[in-house]
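Each chain, written out:
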2 protein chains.
Amino acid sequence: MNLKNFCDMPDKDIIKGFSRLGRREKLERASSFASDPGKAAEIAEKYRHHDTGVQKLHDGFSENTLTNFFMPYGVAPNFLVNGKVYMVPMVTEESSVVAAAARSAGFWSDRGGFIYETNDMLKNGHVHFLWTGSGELLQEVFPELREKLLAGIAPITANMEKRGGGIRAVSLEDMGHEIEGYYRIKGEFDTRDSMGANFINSCLEEFAAILEDFAGSDERMVSGGELKVIMSILSNYTDGCIVSVRAECDVEEMAPFSGGMPPGEFARKFVMAVRMAAVDVFRATTHNKGIFNGIDAVVIATGNDFRAVEAAGHAWAARSGRYSSLSGAHIEDGRFSLEMTLPLSVGTVGGMTGLHPMARLSLDMLGNPGAGELMGIIASAGLASNFAAVGALVTKGIQAGHMKMHLSNILGHFGATDDERAAAEKYFSGRKVGFAAVENFLTKLRGGGKPG
Amino acid sequence: MNLKNFCDMPDKDIIKGFSRLGRREKLERASSFASDPGKAAEIAEKYRHHDTGVQKLHDGFSENTLTNFFMPYGVAPNFLVNGKVYMVPMVTEESSVVAAAARSAGFWSDRGGFIYETNDMLKNGHVHFLWTGSGELLQEVFPELREKLLAGIAPITANMEKRGGGIRAVSLEDMGHEIEGYYRIKGEFDTRDSMGANFINSCLEEFAAILEDFAGSDERMVSGGELKVIMSILSNYTDGCIVSVRAECDVEEMAPFSGGMPPGEFARKFVMAVRMAAVDVFRATTHNKGIFNGIDAVVIATGNDFRAVEAAGHAWAARSGRYSSLSGAHIEDGRFSLEMTLPLSVGTVGGMTGLHPMARLSLDMLGNPGAGELMGIIASAGLASNFAAVGALVTKGIQAGHMKMHLSNILGHFGATDDERAAAEKYFSGRKVGFAAVENFLTKLRGGGKPG
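Computed from a predicted model, the values in this text were never measured in an experiment.

Undergrad: Help me get a handle on the overall build of chain A, residues and values and all.
TA: Secondary structure assignment for chain A yields 16 helices and 10 strands. By the burial criterion, 62% of the 452 residues in chain A qualify as buried. Restricting the contact set of chain A to residue pairs at least 6 apart, pairs at least 24 apart contribute 71%. Total accessible area on chain A stands at roughly 17,100 Å², and carbon and sulfur atoms take up 50% of it.

Below, the structure written as structure tokens:
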């Protein structure tokens, strides 16, 4: 398709200065794109919080905010993680995710629960630059430059250092094997319980200014070549911020999850299913998607950034050169184990975590954990989801549960009463669930409804 | 860390039968984990919709639902996509995402907008099984088996076929190079405007039943070996459901986005920044994360599943064996172009898209597009985010904008008035923004506040 096909552009819908309009005016303009503008605006209004102060707070989190998108806020009880029981808040629009995590958590709570470990939890970022001179010269001046970099960011790091964090390493990386003259300065940061994005980016932008200043004033650099900073930015590939989680039990103890199958057969099928996810991208993608169903639900509930967590996890899943399963399952000496290791950068202070009332509530319900503890809880939720999903796949399949939820959602849409729900569940057991079929069923039921 | 360390498990917090409790009782139990149970329950209650019917609908989308998690629902105007102007609904908790997308869309709306193309939009899934017999025998019987498979799912596909969709291909794949005796039956499906997960999984589970029946009844199969189905499931690696999107303009037209830099220099820096994201995982991860900032915001707003979209996109980004940038940028004959190709499986009918009132509103505001059109809009939002992010990185950096939003959020938290906001913005221009610093500033301002 060629751009030229679109030369007679419609411009009636182009709105200049939209961001400067008031909310009501924005809503009016936005609603004019809907089939029934009045009704559209009405729906949006109805989703606003009745407390104008609270609503104002939420409006401020983003831009051109018209109203709120409701995501179900649920909980999965009985998460035993490193010996402590948690009520885990989960935010997801997908049915069965919370139920599956809860079922899995309950199972493992009787079997030692989930055990996690974290490492140093370092975040990283880079100043990316081009340098026309020799790499040797850069290496030669780098110790001196490093001192300047560290001194330059001291005012920024002072507060973080008071909290026990700060910058842990600064290094020069030669990326010339990829792009001629490409170098970068890497910073590694300990941001304690904060996600630390603002802190890291502020440090890196300061690094960039100091680097440019140095390149423009140091005699060796001035005569040695030309330096151009391309950008300065944290990396979401947080391979220094890793969590490992595992759960294990005797194979013979697995009966409650084996769907009537002998526990040994269930365990072997499970291990094979995970192995299949390790060797092929078609299965690995879906397998990991199921893990992130659990992870993201807690990431969102606690006010963290799920795009960052997803990007890091999936890129990590491809680190061998083949995109593969994040989890592994084994049977050894009659013990079944399921484990997973992945980068997981989250915070429990700063940003949304402290500003969104429901995120604050989530963290409070979790006992106000530090970042490392939250990593453990989130990874456990991911592993719990994985266990439930693979467990269902190798036994009864996933459709039985999904169709039940699907029916329930459609009944909700039609405002079914408890009696109608009971009748529908009976009718649709063994029948195909669909929107039209449920509507027909309810229409008939209501038309010929029982008295009273 | 060893499981044995955790043998004296606390069980006071383990709750049996939680899922069967009523919502109020669930909330009470969940709140008991918070530092102030009464207050926690009160906050949760306040986030419920005032209309009990609407709230009941939302409660039914997931399980153990206590209340709603508010995500800001905003819009980015002026998205010119394949010659049509859209008001794009975006749901994101991250500040600057909507503003950046809107700014980018506005820029491109004067330069031909975004142009997308889709392919056949086929989804896929597999029956994964082990077979101890010869692969030749499987190949030999497969044509016959395929007929049975297709006949068996006819009742399931009938409705989809009426809508122009259905099953497009069934094939046998020998995965023995990875795991001995591992085979799978692959189905390729056209699910029209629906995401189609339930449809595909229903077909695959039926396939599995037919396959097992065939293996247990066909004489050649019975005497040829043993067959065991491990699982049947769709794949989120939707490499048959691809969208390509691009935007291009004369380099000389780029001044409004070049932050004072000559347009040519800006364009060259931009292209270099994207190249850096192509060659290294640290930069690629963050680069793609920025793309998904835009993509996910529209995916969520339209009731689609962002975990599925993320998993497919990131796995696809690693398809060469090296996790790489999803977008590419080029300068040729004085023209700058930015393009991106990725799998993107979404629906505009069925599931949440039809049930969540705000998702319905989003689709209505977009003119009730088909799945292909929605893929184009979503990919455009992703490319717009990418353009804004890289554009900011190679010019003024991203901290300036972020700190402004950060200040605004903190002011919102403290319920700052418009006058207080103006004073704070003046005071903090050039000063470090932090929670404590803003609190101090407001305290002083309020303590010694001006009369009136």
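Text resumes after the structure shown.
Undergrad: Which residues make up the interface of chain A and chain B, and what are the values?
TA: Taken residue by residue, the interface counts 158 residues in chain A and 158 residues in chain B. Carbon and sulfur atoms make up 65% of the area that chain A and chain B hide from each other, which totals about 14,000 Å². The largest contributions to the chain A side of the interface with chain B come from Phe69(A), Phe282(A) and Arg307(A), which together make up 6% of the buried area. Counting every contact that joins chain A to chain B gives 12 salt bridges. One salt bridge connects Asp280(B) with Arg184(A), and the closest N-O pair in it is separated by 2.8 Å.

Undergrad: Describe the sheet that holds strand 9 (residues 327–332) of chain B, naming the residues involved and giving the relevant values.
TA: All names here are of chain B. Ordered by their spatial adjacency, 4 strands build an open sheet running 3-8-10-9, and the pairing between neighbours is antiparallel. Both outer strands of the open sheet, strand 3 (115–118) and strand 9, are each paired with one neighbouring strand and no more. Neighbour-to-neighbour, the strand axes of this sheet turn through a mean angle of 20°, independent of strand direction. Across 4 bridges, the pairing between strand 3 and strand 8 (residues 242–250) is antiparallel.

Undergrad: Tell me what's going on with helix 4 (residues 97–109) of chain B, and back it up with residues and numbers.
TA: Helix length check: helix 4 of chain B (13 residues) gives 18 Å between terminal C-alpha atoms against 18 Å at 1.5 Å per residue, within 8%. Packing partners of the buried residues in helix 4 of chain B comprise strand 1 (65–81), strand 2 (84–91), strand 8, helix 9 (281–301), strand 10 (335–343) and helix 13 (371–393) of chain B.

Undergrad: Residue-level account of the environment of Asp13(A), with values.
TA: For Asp13(A), the location among the structural elements is in the segment before helix 1 (23–31). Residues Asp13(A) and Ser32(A), 19 residues apart in the sequence, show an inter-C-alpha distance of 9.6 Å. In contact with Asp13(A), other than residues within four places in its own chain, are Phe33(A), Asn78(B) and Val85(B).

Undergrad: Kindly report on the relation of the copies chain A and chain B, identifying the contributing residues and their values.
TA: Both copies of the chain are related by one operation, a rotation about an axis with a shift along it. Of the transformation superimposing chain A on chain B, the axial component is 0.0 Å and the angular component is 180°, with the fit at an RMSD of 0.1 Å. What the superposition gives is, in effect, a two-fold axis relating one chain to the other. In terms of proximity to the rotation axis, the leading residue of chain A is Gly321(A), whose C-alpha is 2.2 Å off the axis. Comparing interface residues between copies, 100% of those in chain A also lie at the interface in chain B; the contact surface is shared.

Undergrad: Could you give me a rundown of the side chain of Glu94(A), with the residues and numbers involved?
TA: Residue position: Glu94(A) is located in the loop between strand 2 (84–91) and helix 4 (97–109). Judged by its relative accessible area of 18%, Glu94(A) is buried. Here the side chain of Glu94(A) touches Lys289(A) through a polar contact of 2.8 Å, side chain to side chain. Not counting residues up to four positions away in its chain, the partners in contact with Glu94(A) are Lys289(A), Asn293(A), Phe61(B), Ser62(B), Asp305(B) and Arg307(B).

Undergrad: Summarise the confidence of the model for chain A; cite the residues concerned and give the values.
TA: All names here are of chain A. The predicted model of chain A has a mean per-residue pLDDT of 94, with 96% of residues at 70 or higher. Below pLDDT 50 for its whole length, residues 1–9 participates in 16 contacts with residues either more than four positions away or in separate chains. This complex was scored by the predictor with a pTM of 0.92 and an ipTM of 0.92.

Undergrad: Got a sec to walk through the sheet that holds strand 5 (residues 166–174) of chain A? Specific residues and values, please.
TA: In space, the 4 strands of this open sheet follow the order 5-6-4-7 (chain A), with antiparallel pairing throughout. At either end of the open sheet lies a strand with only one pairing partner, and these are strand 5 and strand 7 (227–235) of chain A. For this sheet, the mean inter-axis angle between neighbouring strands, taken without regard to orientation, is 15°. In this structure, strand 4 (residues 123–131) of chain A lies alongside strand 6 (residues 182–190) of chain A, joined through 8 bridges in antiparallel fashion. Across the sheet, the residue bridging to Asn124(A) is Glu188(A), located in strand 6 of chain A. This element, helix 6 (residues 197–217) of chain A, spans strand 4, strand 5, strand 6 and strand 7 of chain A of the sheet and lies at about 165° to strand 7 of chain A. Packing of helix 8 (residues 263–279) of chain B onto the sheet brings it into contact with strand 4, strand 6 and strand 7 of chain A, and relative to strand 7 of chain A it is tilted by some 50°.

Undergrad: I'd like a rundown of helix 5 (residues 135–162) of chain A, residues and numbers included.
TA: Residue and element names in this part refer to chain A. Maximum bend of helix 5: about 65°, positioned at proline 155. Taken together, the buried positions of helix 5 are occupied by Gly135, Leu137, Leu138, Val141, Phe142, Leu145, Leu149, Ile153, Ile156, Thr157 and Met160. Here the buried face of helix 5 lies against strand 4, strand 5, strand 6, helix 6 and helix 7 (219–224). Once helix 5 finishes, glycine 164 follows within two positions and takes phi at roughly 95°, a positive value.

Undergrad: If you had to explain the side chain of Ser258(B) to someone new, which residues and values would you point to?
TA: The topology assignment puts Ser258(B) in the loop between strand 8 and helix 8. Of the residues examined, Ser258(B) reaches a relative accessible area of 1% and is grouped as buried.

Undergrad: Please give an account of the packing of aromatic side chains that cites residues and values.
TA: With the rule as written, the count across this model stands at 38 aromatic pairs over all chains. Here Tyr237(A) and Phe282(B) contribute two aromatic rings whose centre-to-centre distance is 5.2 Å and whose plane-to-plane angle is 85°, an arrangement assigned as edge-to-face. Within this pair, whereas Tyr237(A) is found in the loop between strand 7 and strand 8 (242–250), its partner Phe282(B) is found in helix 9, the two belonging to separate chains. Measuring from centroid to centroid gives 5.1 Å for Phe107(B) and Trp108(B), while their planes differ by 85°, and the two rings are edge-to-face. Judged by relative accessible area, Phe107(B) falls into the buried class, the value being 5%. Connected via pairs of aromatic rings, a cluster forms that spans Phe107(A), Trp108(A), Phe257(A), Phe266(A), Phe270(A), Phe336(A) and Phe387(A). Sitting over the face of the ring of Trp316(B), Arg319(B) holds its NZ or CZ atom 4.0 Å from the ring centroid.

Undergrad: Run through the domain arrangement of chain A, naming residues and quoting values.
TA: The domain boundaries assigned to chain A delineate domain 1 (21–70), domain 2 (73–117 + 242–397), domain 3 (123–234) and domain 4 (401–446). Inter-centroid distance (C-alpha atoms) of domain 3 of chain A to domain 4 of chain A is 61 Å.

Undergrad: If you had to explain the pairing of strand 8 of chain B to someone new, which residues and values would you point to?
TA: On any regular strand, side chains alternate: one points to one face of the sheet, the next to the other face. As paired elements, strand 8 of chain B and strand 10 of chain B share 9 bridges and run antiparallel to each other. In the sheet register, Val245(B) faces strand 10 of chain B, and the bridge partner there is Met340(B).

Undergrad: Help me get a handle on the pattern of salt bridges, residues and values and all.
TA: Applying the stated criterion across every chain yields a total of 44 salt bridges over all chains. The shortest N-O distance in the salt bridge between Arg335(A) and Asp250(A) comes to 3.0 Å. Note that Arg335(A) is positioned in strand 10 (residues 335–343) and Asp250(A) in strand 8, a separation of 85 residues in sequence. The class of Arg335(A) is partly exposed, set by a relative accessible area of 23%. Several salt bridges share partner residues, and in doing so they unite Glu93(A), Glu94(A), Lys289(A), Asp305(B) and Arg307(B) into one network.

Undergrad: Run through the packing of helix 10 (residues 306–317) of chain A against helix 10 (residues 306–317) of chain B, naming residues and quoting values.
TA: Where helix 10 of chain A contacts helix 10 of chain B, the two axes come as close as 10 Å, and the packing angle between them is 40°. As helix 10 of chain A packs across helix 10 of chain B, the resulting crossing turns out to be right-handed. Here Phe306(A), Arg307(A), Glu310(A), Ala311(A) and His314(A) of helix 10 of chain A come into contact with helix 10 of chain B, specifically with Phe306(B), Arg307(B), Glu310(B), Ala311(B) and His314(B). Of the residues in the contact of helix 10 of chain A with helix 10 of chain B, the class split is 4 nonpolar, 2 polar and 4 charged.

Undergrad: Any details on the packing of helix 10 of chain A against helix 9 of chain B? Residues and values, ideally.
TA: Two numbers describe how helix 10 of chain A lies on helix 9 of chain B: the axes approach to 8 Å, and their chain directions differ by 130°. With respect to their mutual orientation, helix 10 of chain A and helix 9 of chain B come out oblique. Our pair here, helix 10 of chain A against helix 9 of chain B, has a crossing hand that is right-handed. Residues Phe306(A), Arg307(A), Ala308(A), Ala311(A), Ala312(A) and Ala315(A) of helix 10 of chain A lie in contact with helix 9 of chain B, whose contacting residues are Val281(B), Thr285(B), Lys289(B), Phe292(B), Asn293(B), Asp296(B) and Ile300(B). A class-by-class count of the residues in the contact of helix 10 of chain A with helix 9 of chain B yields 8 nonpolar, 2 polar and 3 charged.

Undergrad: Could you give an account of the state of the cysteines, naming the residues involved and the relevant values?
TA: Residue and element names in this part refer to chain B. Applying the stated rule across the entire model yields 0 disulfides over all chains. We note that cysteine 203 lacks a disulfide partner, and the nearest cysteine sulfur, in cysteine 241, lies 17 Å from it. Judged by its relative accessible area of 0%, cysteine 203 is buried.

Undergrad: I'd like to hear about unusual backbone geometry, residue by residue, with values.
TA: Residues and elements named next belong to chain B. Residue asparagine 64 is not a glycine yet carries a positive backbone phi of 50°. As for its placement among the helices and strands, asparagine 64 is situated in the loop between helix 3 (52–59) and strand 1. You can call asparagine 64 buried: its relative accessible area is 7%. Look at methionine 121: it is not a glycine, yet its phi comes out positive at around 55°. Within the secondary structure, methionine 121 is located in the loop between strand 3 and strand 4 (123–131).

Each value, and the rule that gives it
Residues numbered from 1 in each chain as written. Chains lettered and ligands numbered in written order. Predicted model: local features only at pLDDT ≥ 70, side-chain atom pairs only at ≥ 80, totals over all residues. Heavy atoms only, no water. Helix = DSSP H or I, 4+ residues; strand = E, 2+ residues; numbered from the N terminus. Buried < 20%, exposed > 50% of the residue type's maximum accessible area, 1.4 Å probe, protein only. Contact = heavy atoms within 4.5 Å. Areas by Shrake-Rupley, 256 points an atom, 1.4 Å probe, with all protein chains shown as cover. Buried area = accessible area lost by both parts, 1.4 Å probe. Salt bridge = Lys/Arg side-chain N within 4 Å of Asp/Glu carboxyl O. Pairing = 2+ DSSP bridges. Axes fitted to C-alpha atoms, helices over the stretch in contact; angles between N-to-C directions. Expected span 1.5 Å × (residues − 1). Least-squares fit on C-alpha atoms with pLDDT ≥ 70 in both. Polar contact = N/O pair within 3.5 Å; in protein donor to acceptor, adjacent residues only side chain to side chain. pLDDT = per-residue confidence, 0-100. Bend = angle between axes of the 7 residues up to and from the residue. Phe/Tyr/Trp six-rings, centres within 6.5 Å; stacked < 30°, edge-to-face > 60°. Lys NZ or Arg CZ within 6 Å of the ring centre and 35° of its normal. Domains from an automatic or database assignment. Left-handed = near helix turned anticlockwise from the far one by under 90°. Nonpolar A, V, L, I, M, F, W, Y, C, P; charged D, E, K, R; others polar. Parallel < 35°, antiparallel > 145°, perpendicular 65-115°, else oblique. Disulfide = S-S within 2.5 Å.

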